[in-house]
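An overview of the molecular structure
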Amino acid sequence: MAENQENNQVLQDLLDQVGKHMEPTAFPKITEGQVAVISKKIATFAQMLIKQECGDRGAHLSRVLTVDELSPEHLVTVCTMASWLASRSIDDANTAIAVLAEHGFEIRAFESTTFVPHDPRLEEAPNTWLFDQVQNKTMPRSVIATENMVMICEVRPKPDVVSDECWIQTAYKNDPFGKELVALHEQLDGYKPEKRIDPRSRAGFTFHELEQHILPVLSQKIGVQLECMPAIHACVLANDHPEISAGRSTEWRGDTIGKSHAVISGRSDRGPIRYVYYDVKNDPYPNRGFRLCVRLGSESSPNASPLS
C-alpha cells in the first residue's frame, strides 16, 4: 500500500510539472482515439527520460553478495552445493563461492519491488502479456514482483540452436549436470518423436518431467533444493548478464498457470527472455531448456549492507 501511494505521488508530481509547462498552450479539438495515441507516445518518452535520469537505479534491484553478508545457514547450503560441484569437501566459504562462480552460479540479493509494463529499470522488461495475466487474475501478483531475499542464481549463457535449419537447443555451456542429464534422457525420452536432441542438453523435457523427475534427481545429487528460475528474476539478472538472454532457444520458468500450463521465456524466433508466454506442461519441446536457482531465504548477517 505504501509503495502504491509513493508511486501515485510521483505520478501526480510529474503531471503537475507537465501541466505548468503546458499552461500557455492552446489545445485543438482531438478525438478519443487521438488522445490514446498521444498518451501512449508521451508515456513511452517519459519512461525513456526517467531511465536516463535515474542512471544506475536498476543496479539496485539485485547484486552479488560477499561472504560477510551471508548467514551461517546460507553458508551451509553454499558449501554443500560447492562440495558436490567440485567433487570434494569444501568448508571454506570463500572457496565455496569461487567454486560456484566457476560452475556458472552467483549468490545474489534481490530487492523487494513490484515491476510495471515497460519498466525502465529493466533492460529486458517482460512483455505486457505477463502483466495482463496478473490484471486478469490468471496469475498471482508475485510473478511481477521480487522480495527481499537471497538466491543462488544460474547465470550461464542461454544456448543457441543447432543451426538455422535445425531449431533444437544445444547443451548449456559447462553444464555440471551433463552426466545426470544423459541418464535422465535415457530414462524419459523413449516416447518422444524428436530423437536428435543432444543427451547432454536440457532440451526436450516436459514441465511435468521437470517437477517429477529432473529437479528431484538433481536436488538429491547436489544436496540442495533446486527449482526453475521465475521469469521476473531472470529479467532482473539480464541487467548484469545479457548473455542469459542471447541464445535463440527458450526456457521453462518456475511460474505456472493452473495445473496444466507453465510460463516460458525466450521466443525461438526472437531469442530475448523478455518474450514471456506459456505452454502446456506436457510439451517436450526440443528447443526448450531450463535455468536453475536455489532460494536461500531472507535472513542475512547483521552487517549486510542494504540494496538501496
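Coordinates for the structure precede this section.
As a starting point, this report considers the structure included with it.

1. Let's talk about the overall build of the protein chain
Along its length, the protein chain carries 9 helices and 11 strands. Residues counted as buried form 44% of the 308 residues belonging to the protein chain. When contacts within the protein chain are restricted to residue pairs at least 6 apart in sequence, long-range pairs at least 24 apart make up 70% of them.

2. What to know about the pattern of salt bridges
Across all of its chains, the model carries 20 salt bridges by this definition. Among the ionic pairs, Asp 240 bridges to Arg 108, the shortest N-O distance being 2.5 Å. Here Arg 108 lies in strand S2 (residues 105-110) and Asp 240 lies in the loop between helix H8 (231-237) and helix H9 (243-246), a separation of 132 residues in the sequence. The residue Arg 248 makes a salt bridge to Asp 164 at a minimum N-O spacing of 2.8 Å. Placement of Arg 248 in the loop between H9 and strand S7 (250-257) and of Asp 164 in the loop between strand S5 (149-154) and helix H6 (178-188) is noted, with a sequence separation of 84 residues between them. Assessed through its relative accessible area of 52%, Asp 164 is described here as exposed.

3. Things to note about the sheet that holds S7
Taken in spatial order, the 4 strands of this open sheet run S9-S8-S7-S10, and their pairing is mixed. Two strands lie at the open edges of the sheet, namely strand S9 (276-280) and strand S10 (288-290), each paired on one side alone. Going from strand to strand, the sheet's axes swing by 50° on average, the running direction of each strand aside. In this structure, S7 lies alongside strand S8 (residues 261-265), joined through 4 bridges in antiparallel fashion. If you follow Glu 251 over to S8, its bridge partner there is Ser 265. Along the sheet, helix H5 (residues 128-135) makes contact with S7, S8 and S9, crossing S9 at roughly 70°.

4. Some points on the side chain of Arg 288
With respect to the helices and strands, the residue Arg 288 is situated in strand S10. By relative accessible area, Arg 288 is classed as buried at 3%. Setting aside anything within four residues of it in sequence, one finds Arg 288 in contact with Gln 169, Arg 202, Ala 203, Gly 204, Thr 250, Glu 251, Trp 252, Ile 264, Asp 279 and Asp 283.

5. Details of a nonpolar patch on the surface
Taken together, Leu 11, Leu 14, Leu 15 and Val 18 make up a surface patch of nonpolar side chains, about 340 Å² in accessible area. Mapped onto the elements, Val 18 comes out in helix H1 (residues 2-22).

Thresholds, definitions, all that
- Residues numbered from 1 in each chain as written.
- Predicted model: local features only at pLDDT ≥ 70, side-chain atom pairs only at ≥ 80, totals over all residues.
- Heavy atoms only, no water.
- Helix = DSSP H or I, 4+ residues; strand = E, 2+ residues; numbered from the N terminus.
- Buried < 20%, exposed > 50% of the residue type's maximum accessible area, 1.4 Å probe, protein only.
- Contact = heavy atoms within 4.5 Å.
- Salt bridge = Lys/Arg side-chain N within 4 Å of Asp/Glu carboxyl O.
- Pairing = 2+ DSSP bridges.
- Axes fitted to C-alpha atoms, helices over the stretch in contact; angles between N-to-C directions.
- Patch = residues over 30% accessible without salt bridge, like charges linked within 9 Å, V, L, I, M, F, W, Y side chains within 5 Å.
- Areas by Shrake-Rupley, 256 points an atom, 1.4 Å probe, with all protein chains shown as cover.

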